[in-house]
Amino acid sequence: MATIILDQDYMLVDKKADVPEALTEIRRHPLLAVDCKGFKLGGGRSGDLTVIIVATQTKVFIFDVLKLGQRVFDDGLGAILEDKTKEKLMFDCRRDADNLFHQRKVQLTGVLDLQLLEVMYRKRRLPESEDESRRSSRTDEVQPLKGILRCIEMYVKDVAMIEAKLRCQRQVLGDSHVWKTRPLSEKLKSYCCVDTSALFTLYNKLKGGGRDHSRLVIASDRYADTFRCLPERTHGVFEFHPFLPLDIIPEADDSFEFPEASTKCIGCLRLFPADEFPKAQLRNKQRFCRVCIKAKSYALTKVSK
Ligand SMILES: [Zn+2]
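What counts as what
- Residues numbered from 1 in each chain as written.
- Predicted model: local features only at pLDDT ≥ 70, side-chain atom pairs only at ≥ 80, totals over all residues.
- Heavy atoms only, no water.
- 1 Å grid on protein atoms, 1.4 Å probe; cavity = no way out; pocket = protein on both sides within 12 Å on 5 of 7 lines; lining within 4 Å.
- Points joined across faces, edges and corners; volume = space filled by probe spheres on them.
- Helix = DSSP H or I, 4+ residues; strand = E, 2+ residues; numbered from the N terminus.
- Nonpolar A, V, L, I, M, F, W, Y, C, P; charged D, E, K, R; others polar.
- Domains from an automatic or database assignment.
- Contact = heavy atoms within 4.5 Å.
- Buried area = accessible area lost by both parts, 1.4 Å probe.
- Salt bridge = Lys/Arg side-chain N within 4 Å of Asp/Glu carboxyl O.
- Donors = N, O, S within 2.8 Å, 3.2 Å for Na, K, Ca; no water.
- Tetrahedral: all angles 85-135°; square planar, octahedral: opposite > 155°, others 65-115°.
- Buried < 20%, exposed > 50% of the residue type's maximum accessible area, 1.4 Å probe, protein only.
- Pairing = 2+ DSSP bridges.
- Axes fitted to C-alpha atoms, helices over the stretch in contact; angles between N-to-C directions.

A. Expanded view of the layout of surface pockets. Roughly 1300 Å³ of internal volume is contained in the largest pocket. Taken together, 35 residues line the largest pocket, and the ones lying closest to its centre are Lys37, Gly42, Phe91, Ile148 and Gln169. Broken down by secondary-structure element, the contributors of at least two residues to the lining of the largest pocket are β2 (31-39), α4 (94-104), α6 (148-156), α7 (159-174), α8 (186-206) and α11 (290-304). The residue makeup of the lining of the largest pocket, split by class, is 17 nonpolar, seven polar and eleven charged. In this model, the second largest pocket occupies a volume close to 990 Å³. Lining the second largest pocket are 31 residues; nearest its centre among them are Lys123, Ser129, Glu141, Ile249 and Glu251. With four residues, helix α5 (residues 114-124) is the largest single contributor of residues to the lining of the second largest pocket.

Rendered as structure tokens:
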């Protein structure tokens, strides 16, 4: 198997004495890329975060959370993750935000989520919808979400990066304990560098002169809260599906407001305006938002395959 060439400067931070130097360097940069790794981290708060990667555009810092423990967050990393002036490129921050809050008491803030930016990038290329019918009937407004690998294939087109991501995915699929095993292999450390460098490259491709920046900040903040704010996670079909939850990205006007919401979807447990639900559902109280309806059919198609 080919080895990935590390062309990025990186520092493995696995000793308490090395933490201040790493944090001092990170604090000098307003734009970071952040990625969390661990055991069953797809479950958010129920998984174990064992590695957190924080990269500047010139250096990657790989924090060994398994070795450093909670202290690394209390000694300054937590404050950086909570600092909204430090912008953090991430890709689907929902599970990481859920884990950081419920296990590490860190309220992740200042995210620029590139999974959302990709949806906004696609929508920029479409005419504005003028459909004023009831929300529940506007099913074409449900947006599919793309994974990071697909985004790199579509927008970055860097073959070496795609191959490195695929190798990493295969390794993690083959051994779910890979991010818990110590020492971290050279290969895994280089994957950490590939992952964060992919975030910077993707951001540069999608940001489009920064015109959607304010909306992205608001949307990413809501996205980080999607699972984090739930009293309990269900880990069911309404959480694991490839559709963007509704009312995450504000409209492209200058108001950045979301519609008033007071009626709860019994799938995702989020609140929406009453017209999100068909009238029959409002009467029988079996209310599912448009995304949860799609998620149910998606789960059925997966079962029947
Ligand atoms: Zn729902």
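Text resumes after the structure shown.
B. Seen up close, the domain arrangement of the chain. Taken domain by domain, the chain holds domain 1 (9-125 + 139-236) and domain 2 (259-305). Computed over C-alpha atoms, the centres of domain 1 and domain 2 are 29 Å apart. Domain 1 puts five residues into the contact, and the matching count from domain 2 is six residues. Summing both sides of the interface, domain 1 and domain 2 together bury roughly 510 Å²; the carbon and sulfur share of this comes to 68%. Together, Thr139, Val142 and Leu230 form the three largest contributors to the area buried by domain 1 at its contact with domain 2, with a combined 64%. Across the domain 1-domain 2 interface, the total number found is one salt bridge. A salt bridge links arginine 290 to glutamate 141, with the shortest nitrogen-to-oxygen separation between them at 3.0 Å.

C. Inspection of unusual backbone geometry at higher detail. Cis peptide bonds are those with omega within 30 degrees of zero, and the linkage from arginine 182 to proline 183 qualifies with 0°. The residue proline 183 is located in the loop between α7 and α8 in this model. One non-glycine residue with positive phi stands out, namely lysine 40, at about 50°. Looking at where lysine 40 falls in the secondary structure, it is placed in the loop between β2 and β3 (48-55). Even without being glycine, histidine 235 reaches a positive phi, approximately 55°.

D. View of the coordination of the zinc ion. Around the zinc ion, the protein contributes the donor atoms Cys265 (SG), Cys268 (SG), Cys289 (SG) and Cys292 (SG), which lie 2.3 to 2.4 Å from the metal centre. Here the zinc ion is ringed by four donor atoms whose angles at the metal span 103 to 117°, and the overall shape comes out tetrahedral. Take cysteine 268: its relative accessible area is 16%, and that puts it in the buried class.

E. Local environment of empty space enclosed by the protein. By the definition in use, this model includes one cavity of 30 Å³ or more. Of the pockets and cavities examined, the largest cavity occupies roughly 160 Å³. Surrounding the largest cavity, 19 residues form its lining, Thr226, Phe227, Phe238, Cys268 and Arg270 being those nearest its centre. Counting only elements with at least two residues in the lining of the largest cavity, the list comes to α9 (213-228) and α11.

F. Expanded view of the sheet that holds strand β6 (residues 111-113). An order of β1-β4-β3-β2-β5-β6 is seen for the six strands of this open sheet, with the pairing classed as mixed. Only two strands of the sheet have a single partner each, and these edge strands are β1 (9-13) and β6. This sheet shows a mean twist of 25° between the axes of neighbouring strands, independent of strand direction. Pairing analysis gives five bridges linking β3 to strand β4 (residues 59-64), with the strands arranged antiparallel. Counterpart to isoleucine 52 in the pairing with β4 is phenylalanine 63. The strands touched by α5 within the sheet are β5 (87-90) and β6, with β6 carrying the most contacts at an inclination of about 50°. Against the sheet, α8 engages β1, β2, β3, β4, β5 and β6, with an angle of about 140° to β2.

G. Structural context of the side chain of threonine 56. Checked against the element boundaries, threonine 56 lands in the loop between β3 and β4. The exposure class assigned to threonine 56 is buried, which follows from its relative accessible area of 0%. The contacts of threonine 56, once residues within four sequence positions are left out, are Ile26, His29, Leu31, Leu32, Phe61 and Phe200.

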